[in-house]
Amino acid sequence: MDIVLLLARVLLAVVFLVAGVTKLADLKGSRQALRDFGVPAWLAAPGGVLLPLASAWWAAVGALALLLLFVLGIAYNLARGRQPDCHCFGQVYSKPIGRSTLLRNLVLAAVAVFLVGFGRTTPGLSAFTWLAALSLTERLALGAGLFLLALLAGAGWLLVQMLRQQGRLLLRLEALEERMAAAGTADSVAPAQATPPAGLPVGSVAPAFALPGLNGETLTLDFLRAGGKPVLLLFSDPGCGPCTSLLPEVGRWQRDYAGKLTVALISRGNVEANRAKASEHGIGQVLLQREREIAEAYQGRGTPGAVLVRPDGTIGSPLAQGAEAIRALVASAVGLPVLHAVPAPLNGHGNGHGNGALPLVKPETLANASKIGTPAPAFSLPDLSGQTVALSDFRGHTTLLLFWRPSCGFCQRMLPDLQAWEANPPPDAPRLLVVSTGSVEENRALGLRSPVVLDQDGLRVGALFGANGTPNAVLVDEEGKLASAVARGAPAVLALAGVQVPTAEQSNAAASRVLTPPTIGEPAPAFSLPNLQGKRVHLSDFRGSSTLLLFWDPGCGFCQRMLSDLKAWEAHPPKGAPRLLVVSTGSAETNRKLGLRSTIVLDQNMSVGSTFGANGTPMGVLVDAQGKLASALAAGAPAVLALAGVDQEQPDMISR
């Protein structure tokens with residue numbers, strides 16, 4: 001019986017202790033519960049405090065009285081059909097009253113009746129009798145344990161408060177984010193697809209058009225689609241600043257992705273304004289609309305904008321508006337993850353690192369690139385100190401523009417002669433401006449006294465002047481006009497450097513001075529070089545078939561621009577085409593990355609090329625089936641491809 005009485009007391013003590021503590025922690029809820037049970041408002045406030053305090057009494061009579069009050073209050077409200085919130089254990093547990101609430105309080109009241117009935121005659125075990133039986137040491141140990149328990153309880157309470165505070169902060173942050181989203185200052189909760197795509201629906205028929213080009217020709221959408229490739233229509237305006245900033249990239253896209261994508265610029269304005277910009281950035285296929293009639297037919301609302309037309313003449317993309325969206329559209333069309341903006345335009349006033357807009361240089365353009373007496377193409381590039389140097393800075397002096405590459409074997413062999421010329425220039429010698437590729441350190445190591453500027457886009461400036469290799473050079477007079485044709489190779493370049501004020505005849509004679517190749521019909525100089533696997537390859541191994549010797553450098557920008565044409569030729573060689581033997585500089589790994597099928601042999605100093613008269617890259621010469629020279633030396637991609645049997649008029653085989 002003593003154990004039963006003790007358990008009953010503990011049960012009631014725990015129930016009322018928890019109820020009392022939780023009600024103290026939520027006085028507002030306790031008062032509201034009293035109001036809901038029908039207690040007058042003037043008793044609700046003090047009752048909310050007395051209720052949890054009273055529920056902590058250990059006396060069974062007080063507990064029974066409270067429980068009977070609870071039972072009567074619950075029964076009264078249930079009888080009237082009301083189910084107020086009991087708030088039995090504060091915020092820990094609170095729900096509307098019901099039969100389970102009434103039953104729970106009746107069970108607790110029965111326990112209290114048991115204690116009242118049997119506790120008067122049989123006190124049983126109690127904390128006081130137990131404490132009285134303890135020794136002093138045991139009481140101290142018990143006190144220490146209770147103290148530690150209180151500390152743990154306090155730490156737990158602090159942890160609960162911190163978690164509650166963290167919860168309140170998170171709720172405030174969520175509310176703040178919702179307000180920001182509603183105000184439009186945060187990411188919209190609506191899906192991006194909610195905004196309809198700009199332009200004509202994908203899959204609809206692209207509006208046809210016929211527009212004049214810069215040379216008076218008429219260009220149609222069917223003509224642009226004739227190549228069987230997607231067509232990018234780019235809407236521009238010569239007075240649009242973002243359009244002008246994008247033009248260098250348009251030229252680069254037309255060059256780099258010609259095999260995958262046709263890029264056409266649809267602009268407005270007069271022919272002169274558009275021709276100047278197209279010429280500056282090497283852009284072809286410029287179509288002129290009167291106002292914005294074609295752009296509006298494609299639902300273009302501003303410039304720059306672009307849309308993709310599929311080869312079947314249907315719309316292939318939503319309208320891309322703005323430079324970044326256009327770059328993303330081009331990248332998607334050519335199968336790249338992303339395209340990046342190129343540096344500032346070459347002829348602008350930026351830092352001069354080049355704009356990547358390598359011009360399309362067809363054979364007839366190359367032949368007429370350096371017309372003596374015409375203004376030299378303007379450019380500005382950074383020197384080795386990072387300062388921008390413009391060609392116009394050299395006005396008032398005859399200037400020799402030398403197109404150079406530190407890794408070029410022909411340039412390296414010419415370097416001592418160039419340094420000697422700088423140390424003792426002839427009377428009235430021109431000033432020297434070296435336009436070079438490579439790093440600052442590589443060019444500083446040359447030890448040249450003259451200004452050296454860096455053109456990292458594969459000698460794009462050289463292409464503007466008609467240079468197709470290194471070393472090449474051209475003279476610009478004191479008025480900024482071209483004073484010579486392009487000189488190719490060290491002898492011709494040094495001849496230009498020794499002329500005081502060259503006449504047209506002298507300039508052309510100097511430009512034509514190249515290393516004299518062996519005579520056609522004579523046996524080709526024999527050689528033996530290692531291939532990419534280290535095995536020796538002899539020229540005599542190719543006896544019995546016509547062979548094209550191609551002198552190559554993987555780091556040569558002109559070679560790189562020719563590479564796609566060379567691969568296309570390998571894939572579909574014309575009837576009677578010669579075999580190809582590439583004599584290259586660079587490492588085996590670098591040459592493997594070219595992806596050529598033909599045999600490549602390594603000649604790091606281009607000594608073999610020199611024996612054939614080659615003084616730059618790319619250059620080529622034909623050797624017949626008997627091992628005799630069958631052609632003069634061809635310089636530049638157009639001439640080399642002509643030796644290979646390429647039809648220069650083929651649209652997919654544009655020589656660069």
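Parameters at a glance
Residues numbered from 1 in each chain as written. Predicted model: local features only at pLDDT ≥ 70, side-chain atom pairs only at ≥ 80, totals over all residues. Heavy atoms only, no water. 1 Å grid on protein atoms, 1.4 Å probe; cavity = no way out; pocket = protein on both sides within 12 Å on 5 of 7 lines; lining within 4 Å. Points joined across faces, edges and corners; volume = space filled by probe spheres on them. Helix = DSSP H or I, 4+ residues; strand = E, 2+ residues; numbered from the N terminus. Nonpolar A, V, L, I, M, F, W, Y, C, P; charged D, E, K, R; others polar. Patch = residues over 30% accessible without salt bridge, like charges linked within 9 Å, V, L, I, M, F, W, Y side chains within 5 Å. Areas by Shrake-Rupley, 256 points an atom, 1.4 Å probe, with all protein chains shown as cover. Salt bridge = Lys/Arg side-chain N within 4 Å of Asp/Glu carboxyl O. Core = buried A, V, L, I, M, F, W, Y, C linked by side-chain atoms within 4.5 Å. Buried < 20%, exposed > 50% of the residue type's maximum accessible area, 1.4 Å probe, protein only. Lys, Arg positive; Asp, Glu negative; His and termini not counted. Polar contact = N/O pair within 3.5 Å; in protein donor to acceptor, adjacent residues only side chain to side chain. Contact = heavy atoms within 4.5 Å. Pairing = 2+ DSSP bridges. Axes fitted to C-alpha atoms, helices over the stretch in contact; angles between N-to-C directions. Right-handed = clockwise from strand over helix to strand, strands pointing away.

Caption draft 1: Broad picture of empty space enclosed by the protein. All told, the structure shown has 8 cavities of 30 Å³ or more when counted by the stated rule. The computed volume of the second largest cavity comes to approximately 70 Å³. Around the second largest cavity, the lining residues are S236, D237, P238, C243, T244, L247, L265, S267, N274, K277, A278 and V286. Only α9 (241-256), β4 (262-267) and α10 (271-281) provide two or more residues apiece to the lining of the second largest cavity. Considering only residue class, the lining of the second largest cavity consists of 6 nonpolar, 4 polar and 2 charged.

Caption draft 2: Fine view of a nonpolar patch on the surface. On the surface, a cluster of nonpolar side chains totalling about 330 Å² of accessible area is made up of L146, L149 and L152. Position of L146 among the secondary structure elements: in helix α7 (residues 136-183).

Caption draft 3: Just the nonpolar core, in detail. Membership of the largest hydrophobic core comes to 45 residues, with the highest contact counts inside it found for L402, W404, F527, L549, F551 and F612. Among the elements that make up this core, the one with the highest residue count is helix α14 (residues 409-423) (6 residues). Within the second largest apolar cluster, 26 residues are counted, among which are L596, I600, L622 and V646.

Caption draft 4: Expanded view of the side chain of E422. Inspection of the secondary structure assignment puts E422 in helix α14. No salt bridge is formed by the buried E422; the nearest opposite charge belongs to R449, separated by 5.2 Å. Within the structure, E422 has its side chain in polar contact with the backbone nitrogen of R449 (distance 3.0 Å). Within the structure, the side chain of E422 is placed 2.5 Å from the side chain of S450, a separation counted as a polar contact. Leave out the neighbours within four places in its chain, and E422 touches L432, G447, L448, R449 and S450.

Caption draft 5: Representation of the sheet that holds strand β5 (residues 286-288) in the model. Strand order in this open sheet of 5 strands is β5-β4-β3-β6-β7, and the pairing throughout is mixed. Edge positions in the sheet fall to β5 and β7 (320-321), since each of these pairs with one other strand and no more. The pairing of strand β3 (residues 231-235) with strand β6 (residues 305-309) spans 5 bridges and is antiparallel. Across the sheet, L233 pairs through a bridge with V307, a residue of β6. Against the sheet, α9 contacts β3 and β4, and its axis sits at roughly 145° relative to β4. Docked against the sheet, helix α12 (residues 323-334) engages β3, β6 and β7, running at close to 20° with respect to β6.

Caption draft 6: Quick peek at the pairing of β3. In terms of residue burial, β3 counts as a mostly covered element, since 5 of its 5 residues are buried. Side-chain alternation along β3 places V231, L233 and F235 on one buried face and L232 and L234 on a second face that is also buried. By the bridge criterion, 5 bridges tie β3 to β4 in an arrangement that is parallel. When the bridges of β4 are listed, L232 appears paired with V263. Taken together, β3, α9 and β4 form a β-α-β motif whose crossover is right-handed.

Caption draft 7: Spotlight on the pattern of salt bridges. Across all of its chains, the model carries 8 salt bridges by this definition. The salt bridge partner of D237 is R268, with a shortest N-O separation of 3.1 Å. Pair noted here: D237 is in the loop between β3 and α9 and R268 is in the loop between β4 and α10, with a separation of 31 residues, a long-range link. The buried category is assigned to D237, whose relative accessible area is 17%. Of the charged contacts, one joins E324 and R327 as a salt bridge, the two residues approaching to 2.5 Å between their closest N and O atoms. Of this pair, E324 and R327 both sit in helix α12, 3 residues apart, which is roughly one turn of that helix. Take R327: its relative accessible area is 7%, and that puts it in the buried class.

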